[in-house]
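# Reading the structure
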Amino acid sequence: MQAKRLLTGAACCLFPLFAQAAMPATHACPESVPATSIKLDAVPAGWTPYIDSPLYLSAAAPIDGAPQRRGQLVPSGERKKKGQTTLSYRLEGRYPDGKWLQCGYGVHGEVTLSRRMDDSVSVCEFTYRKGSKAGQNEIDIDCR
């Protein structure tokens, strides 16, 4: 009886872990890079840097390989509808250095955050809507 109770307890605890592992990874960019995480080094003599606001998300896209490779990809399609734009990317073929998600912050993407996506991802859609801050975009990402 004790062994049965132990197995039942273990199953109750482990099932959520297995269920979570089976779910697809979510792809979302952080909304902003906090001002406290931005640091300027080696500024010109006599100048004092000051950063008082975060950098907001402005762009997102899949890239070929790590960010330093600068493997920007061209969208395979674009749709516009009711104040939003959806860009589609086909990620078929070989990506020897991996498929990465790159998120750009600042009006011109001056800062990026990137992370590797699962190699099985074959298509991504990025739906853009204007955000409430200057240069900000709200971006829904659907990669599968």
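Heads up: the structure comes first, above all this text.
Residues numbered from 1 in each chain as written. Predicted model: local features only at pLDDT ≥ 70, side-chain atom pairs only at ≥ 80, totals over all residues. Heavy atoms only, no water.

Attention now moves to the state of the cysteines. Applying the stated criterion to the full structure yields two disulfides. Residue pairing for Cys29: its cysteine sulfur links by disulfide to Cys103, the two sulfurs lying 2.0 Å apart. Across the S-S bond linking Cys29 and Cys103, the dihedral sits near -80°, which makes this disulfide left-handed. With Cys29 in the loop between helix H1 (2–22) and strand S1 (32–33) and Cys103 in strand S5 (residues 99–105), this pair connects stretches of sequence that are 74 residues apart. Judged by relative accessible area, which is 14%, Cys29 ranks as buried. Between Cys124 and Cys143 runs a disulfide, and the two sulfur atoms are separated by 2.1 Å. Residues Cys124 and Cys143 are joined by a disulfide whose S-S torsion is about 120°; by sign, that bridge is right-handed. Here Cys143 lies in strand S8 (residues 137–143) and Cys124 lies in strand S7 (residues 123–130), a separation of 19 residues in the sequence. Accessibility classification places Cys124 together with Cys143 in one group, the buried group. What connects to what in the chain, once the bonded cysteines are numbered by sequence position, is 1-2, 3-4. (Disulfide = S-S within 2.5 Å. Helix = DSSP H or I, 4+ residues; strand = E, 2+ residues; numbered from the N terminus. Buried < 20%, exposed > 50% of the residue type's maximum accessible area, 1.4 Å probe, protein only.)

Quick look at the environment of Ser120 now. With respect to the helices and strands, Ser120 occurs in the loop between strand S6 (111–116) and S7. Measuring from C-alpha to C-alpha, the distance between Ser120 and Glu92 comes to 9.2 Å, with 28 residues separating the pair along the chain. Within the structure, Ser120 has its side chain in polar contact with the side chain of Asp118 (distance 2.5 Å). (Polar contact = N/O pair within 3.5 Å; in protein donor to acceptor, adjacent residues only side chain to side chain.)

Here we take up the nonpolar core. Among the nonpolar cores identified, the biggest contains 20 residues, and Cys29, Phe126 and Ile141 are the most heavily contacted of them. When residues of this core are traced back to their parent elements, those giving at least two are strand S2 (55–64), strand S4 (84–90), S5, S7 and S8. (Core = buried A, V, L, I, M, F, W, Y, C linked by side-chain atoms within 4.5 Å.)

Strand order in the open sheet formed by four strands is S1-S2-S5-S6, and the pairing between neighbours is antiparallel. Of all strands in the sheet, those bounded by a partner on one side alone are S1 and S6. Pairing geometry for S5 and S6, over six bridges, is antiparallel. Residue Gln102 lies in a different strand from S6, and its bridge partner there is Ser114. (Pairing = 2+ DSSP bridges.)

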